[in-house]
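# Reading the structure
Single-letter residue listing:
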Amino acid sequence: PAAQQLRNLVEELRRTHKTLVDLLDPLWDIADAPATFAAEFKPVYRQFRRFYNGTDLGTNRTHCHIITSIRSDLSQARPKGGADELTWAHMENTLQQLGTADKDLIDEQYRPFMKEVFGILGEIDRLLSAQPPDVPQAIQIKRALQGKLQIEFDATKAKFEEMNATIDQLDDALRRAI
């Protein structure tokens with residue numbers, strides 16, 4: 001059950017990631033043609049702005065209690081005396097890593113990422129709204145953002161894989177110890 005609870009947590013984080021990908025992937029569909037760029041960009045920016053302004057990022061930081069609860073449950077289930085102390089120490093370390101991974105993903109990646117992307121998209125919008133519009137600069141900024149987004153998306157996927165591998169280790173340790 002503990003491993004499944006953790007897998008559910010990772011799945012919840014994956015859904016958040018997929019939401020961001022779904023919101024930002026249309027940037028790749030915007031042609032870098034000066035004549036159509038502004039008209040194609042505006043709806044993408046508007047949708048992201050609504051999401052950013054309407055999403056309570058705090059609700060995405062409610063997972064630590066899950067890991068704390070699992071740690072408490074495992075501590076109570078720990079066999080007395082005959083248990084392999086190294087296995088239990090490994091499980092506790094694994095849960096600590098998962099707690100850190102959750103914190104890393106939300107606090108160190110997701111929140112700053114969202115704020116930065118919102119700022120960059122806002123800058124593109126300002127360039128397109130200027131008189132006269134600076135479409136070539138807006139296109140350059142969009143291209144740079146696409147490169148940054150791909151790096152961030154890849155890093156997030158790698159973090160999910162790391163979390164899943166850690167859960168697998170925990171699951172294996174639990175089977176051996178209990």
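Everything that follows concerns the structure shown earlier in this document.
Residues numbered from 1 in each chain as written. Predicted model: local features only at pLDDT ≥ 70, side-chain atom pairs only at ≥ 80, totals over all residues. Heavy atoms only, no water.

Moving on to the packing of aromatic side chains. Applying the stated rule across the entire model yields five aromatic pairs. Between tyrosine 52 and phenylalanine 118 the ring centres are 4.2 Å apart and the planes differ by 15°, which places this aromatic pair in the stacked class. Placement of tyrosine 52 in helix α2 (residues 37-54) and of phenylalanine 118 in helix α4 (residues 85-129) is noted, with a sequence separation of 66 residues between them. With relative accessibility at 22%, the residue phenylalanine 118 sits in the partly exposed group. (Phe/Tyr/Trp six-rings, centres within 6.5 Å; stacked < 30°, edge-to-face > 60°. Helix = DSSP H or I, 4+ residues; strand = E, 2+ residues; numbered from the N terminus. Buried < 20%, exposed > 50% of the residue type's maximum accessible area, 1.4 Å probe, protein only.)

This part covers the pattern of salt bridges. Applying the stated rule across the entire model yields nine salt bridges. A salt bridge links lysine 142 to aspartate 32; the nearest nitrogen and oxygen atoms lie 2.7 Å apart. In this pair, lysine 142 sits in helix α5 (residues 135-177) while aspartate 32 sits in the loop between α1 (2-24) and α2, placing the two residues 110 residues apart along the sequence. Here lysine 142 falls in the buried class, since its relative accessible area comes to 2%. Given a relative accessible area of 30%, aspartate 32 falls into the partly exposed group. The partner of glutamate 152 in a salt bridge is lysine 148, and the shortest N-O contact between them spans 3.9 Å. In this pair, glutamate 152 and lysine 148 are both assigned in helix α5, four residues apart and thus about one turn of the helix distant. For lysine 148, a relative accessible area of 29% corresponds to the partly exposed category. In this structure, a network of salt bridges that share partners links the residues Asp32, Lys142 and Arg143. (Salt bridge = Lys/Arg side-chain N within 4 Å of Asp/Glu carboxyl O.)

Glancing now at the nonpolar core. Nonpolar side chains in soluble globular proteins tend to end up buried together. Counting residues in hydrophobic clusters, the biggest one holds 28 residues, and the most contacted among them are Leu24, Leu27, Phe37, Phe41, Phe48, Leu121 and Ile124. Those elements giving two or more residues to this core turn out to be α1, α2, α4 and α5. Considering every element that reaches this core, the biggest residue donor is α4, with nine residues. Apart from residues lying up to four places away in sequence, leucine 27 is in contact with Phe41, Val44, Leu121, Lys142, Leu145, Gln146 and Leu149. Counting residues in hydrophobic clusters, the runner-up holds eight residues, among them Leu6, Leu13, Phe160 and Ile167. (Core = buried A, V, L, I, M, F, W, Y, C linked by side-chain atoms within 4.5 Å. Contact = heavy atoms within 4.5 Å.)

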